[in-house]
Amino acid sequence: MRFAWQVLIHTPLWVFPLFAYLVWQGIKAMRPRTTSIWRALIVPVVFIVWGMSRLLSRQDYMWPLLSWIAAALTLLPVGLLTTKPFEIDHKTGQITRPGSPVPLIRNVSVFALQYTAAVIAAVDPDGRTMATVIGRAISGATTGYFLGRTIALLRQYRKQRVAA
């Protein structure tokens, strides 16, 4: 219990609102919703920025960078191919997306993996190197996946707008 308390009090304050926002967005995504294309891109952009921010942190060796690149390249096609179709209102440009529990599960899982890797890197000197490599791979995978989803979403939006 003491360890968990120490982890919580040493967690940067921005992490808690980010987690709340990701859970809130995941819960909202469980129901069909109509929104602008730009609002639909907020969560992907959060994950892309978060994933790319890990590249800017100090790297003493090449393995974290290589793990980031490999994971990003691996999950980019997954994001491209798993984006669900949506309907578009051609008058307003609003999109209607189907509801699904997948965004909530995905958001919480990615957050938990990132958080766990960061905690291990912070508290375990012996595991820091491996946690850094794994953390970079998670960041790269997240960036690749959401970049793929963003590209697919924008392509589908553009294609449907042109067809109208």
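For the structure, check the block above.
Further remarks concern the packing of aromatic side chains. Under the counting rule described, the total for this entry stands at 7 aromatic pairs. For the ring pair Phe47 and Trp50, a centre distance of 6.1 Å and an interplane angle of 20° mean the geometry is stacked. Residue Phe47 and its partner Trp50 are both found in helix H4 (residues 42–56); the two are separated by 3 residues, about one turn of the helix. Each of the two residues, Phe47 as well as Trp50, counts as buried. Here Phe111 and Tyr115 contribute two aromatic rings whose centre-to-centre distance is 6.0 Å and whose plane-to-plane angle is 10°, an arrangement assigned as stacked. Highlighted residues: Phe111 and Tyr115, both in helix H6 (residues 102–123), separated by 4 residues, approximately one helical turn. Judged by its relative accessible area of 24%, Tyr115 is partly exposed. An aromatic cluster of at least three residues, connected via ring pairs, comprises Phe19, Phe47, Trp50, Phe111, Tyr115, Tyr145 and Phe146. The ring of Trp24 carries the charged tip of Lys28 above its face, separated from the ring centre by 4.4 Å.

Right, let's get into the side chain of Ser139. Take Ser139: it is sitting in helix H7 (residues 128–163). Only 3.1 Å separates the side chain of Ser139 from the side chain of Gln114, close enough to count as a polar contact. Apart from the residues within four sequence positions on either side, Ser139 is in contact with Gly51, Arg54, Trp68 and Gln114.

Relative to the 32 Å expected for 22 residues at 1.5 Å per residue, H6 spans 31 Å between its end C-alpha atoms, a close match to the ideal helical length. Among the residues making up H6, those that are buried are Pro103, Arg106, Asn107, Val110, Phe111, Gln114, Ala117, Val119 and Ala121. Of the surrounding elements, those touching the buried residues of H6 are helix H1 (2–9), helix H2 (15–28), H4 and H7.

What counts, and at which threshold
- Residues numbered from 1 in each chain as written.
- Predicted model: local features only at pLDDT ≥ 70, side-chain atom pairs only at ≥ 80, totals over all residues.
- Heavy atoms only, no water.
- Phe/Tyr/Trp six-rings, centres within 6.5 Å; stacked < 30°, edge-to-face > 60°.
- Helix = DSSP H or I, 4+ residues; strand = E, 2+ residues; numbered from the N terminus.
- Buried < 20%, exposed > 50% of the residue type's maximum accessible area, 1.4 Å probe, protein only.
- Lys NZ or Arg CZ within 6 Å of the ring centre and 35° of its normal.
- Polar contact = N/O pair within 3.5 Å; in protein donor to acceptor, adjacent residues only side chain to side chain.
- Contact = heavy atoms within 4.5 Å.
- Expected span 1.5 Å × (residues − 1).

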